[in-house]
Amino acid sequence: MPKYLATNYVRISYTDDKSCESDSITNQKKYIEEYVKRNPDIEVVNVRVDDGYSGIVFDRPAFKEMMEDIRSGKINCVIVKDLSRLGREYNETFTYLRRIFPALGVRFIAINDNIDTAKESVTDDLSISFKGVMNDEYCRDISIKVRSALNVKRSNGDYVGATPVYGYKKSDDNKNQLVIDEYAAGVVRDIFKMRIDGYSADRIADELNRLGILSPRQYKKDRNIPLPKNGYCDRENSKWSATTILRILKDEVYSGKLIQGKQ
């Protein structure tokens, strides 16, 4: 009977070099599978995949599921292609490697880096520490390049946000261009007209709710438009409110100005 019950953990981020085929999800899986075939003391219980998640943070769905498996006793071994798949942030990566995994009785294997905690300790291995620092620096370098690329796009007038403001949508031909969403734009025009006619923000909200007009959040949900992950968004199942009306009235994007990179 195998001594170790393992999870094959694979990860790739949007910023990883997609031209490097060896780091693809498929090839990471195959690489680990070949390793397990040569080690009969290991049985793979499941495969956990974080596709599109950065190695800088550890708040990843599949990673958290793996940790639950460890704490519940389902697995006692974690296998990755290389150390950077576990994480690229030095301090937290080595907290798991040197403290959390040993405390939970977990064998950790990073194949390419020749790390196997069942065979030797990694506490004082200088080469492993150096790889961790290099992974950390790689993340910093990628972050700078991504921010620089976004700044260039912004300066060129390209839209780089995930979710357009209510009244606009992304062009079907160019995801970096905003075009008018005719229905929502009509509601925005009505809001400005009512304000010009002397309506208060509360009265405008009441009128829109009376007419059964969906609030920005509900409108996006109704049309399967992604909701913003950060920043302002209406409460769940919310109706129009004076706050929402005032945000629309004060947003310069409705005057044709594309303002980005600010909170």
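As a reminder, the structure under discussion sits directly above these lines.
As a starting point, this report considers the structure included with it. (Residues numbered from 1 in each chain as written. Predicted model: local features only at pLDDT ≥ 70, side-chain atom pairs only at ≥ 80, totals over all residues. Heavy atoms only, no water.)

Here we take up the pattern of salt bridges. The final tally for this structure, using the stated rule, is 13 salt bridges. A salt bridge links E207 to R210, with the nearest nitrogen and oxygen atoms 2.7 Å apart. Of this pair, E207 and R210 both sit in helix α7 (residues 201-210), three residues apart, which is roughly one turn of the helix. Judged by its relative accessible area of 60%, R210 is exposed. Between D222 and R223 there is a salt bridge, with the nearest N and O atoms lying 3.0 Å from each other. The exposed category is assigned to D222, whose relative accessible area is 51%. (Salt bridge = Lys/Arg side-chain N within 4 Å of Asp/Glu carboxyl O. Helix = DSSP H or I, 4+ residues; strand = E, 2+ residues; numbered from the N terminus. Buried < 20%, exposed > 50% of the residue type's maximum accessible area, 1.4 Å probe, protein only.)

This part is about unusual backbone geometry. Trans is the common state for peptide bonds, and a negative phi is the common state for residues other than glycine. Backbone geometry places N114, a non-glycine residue, at a positive phi of 55°. Looking at where N114 falls in the secondary structure, it is placed in the loop between β4 (107-110) and β5 (115-116). Overall, the relative accessible area of 64% leaves N114 in the exposed class.

Here the focus is the side chain of D181. Secondary-structure assignment places D181 in the loop between β7 (178-180) and α6 (182-196). Despite being buried, D181 has no salt bridge partner; K169 is the closest side chain of opposite charge, sitting 5.4 Å away. Within the structure, the side chain of D181 is placed 2.9 Å from the side chain of Y219, a separation counted as a polar contact. Once residues within four sequence positions are removed from consideration, D181 is found in contact with G167, Y168, K169 and Y219. (Lys, Arg positive; Asp, Glu negative; His and termini not counted. Polar contact = N/O pair within 3.5 Å; in protein donor to acceptor, adjacent residues only side chain to side chain. Contact = heavy atoms within 4.5 Å.)

Here we come to the nonpolar core. Counting 20 residues, the largest nonpolar core has F63, M66, I70, V78, F101 and F108 as the members making the most contacts within it. Breaking this core down by element, the ones donating at least two residues are α2 (61-71), β3 (77-80), α3 (83-86), α4 (90-103) and β4. Setting aside residues up to four positions removed in sequence, F101 forms contacts with M67, I70, V78, L86, Y96, V106 and F108. Formed by 18 residues, the second largest nonpolar core is a distinct cluster that contains V187, M194, A242 and Y254. (Core = buried A, V, L, I, M, F, W, Y, C linked by side-chain atoms within 4.5 Å.)

For the rest of this paragraph, the subject is the packing of α6 against helix α9 (residues 242-250). Contact geometry of α6 with α9 gives a least axis separation of 10 Å together with a crossing angle of 95°. Between α6 and α9, the angle falls in the class roughly perpendicular. Contacts between α6 and α9 involve V188, I191, F192 and R195 on the former and, on the latter, I245, I248 and L249. A breakdown of the residues in the contact of α6 with α9 according to their chemical character gives six nonpolar, no polar and one charged. (Axes fitted to C-alpha atoms, helices over the stretch in contact; angles between N-to-C directions. Parallel < 35°, antiparallel > 145°, perpendicular 65-115°, else oblique. Nonpolar A, V, L, I, M, F, W, Y, C, P; charged D, E, K, R; others polar.)

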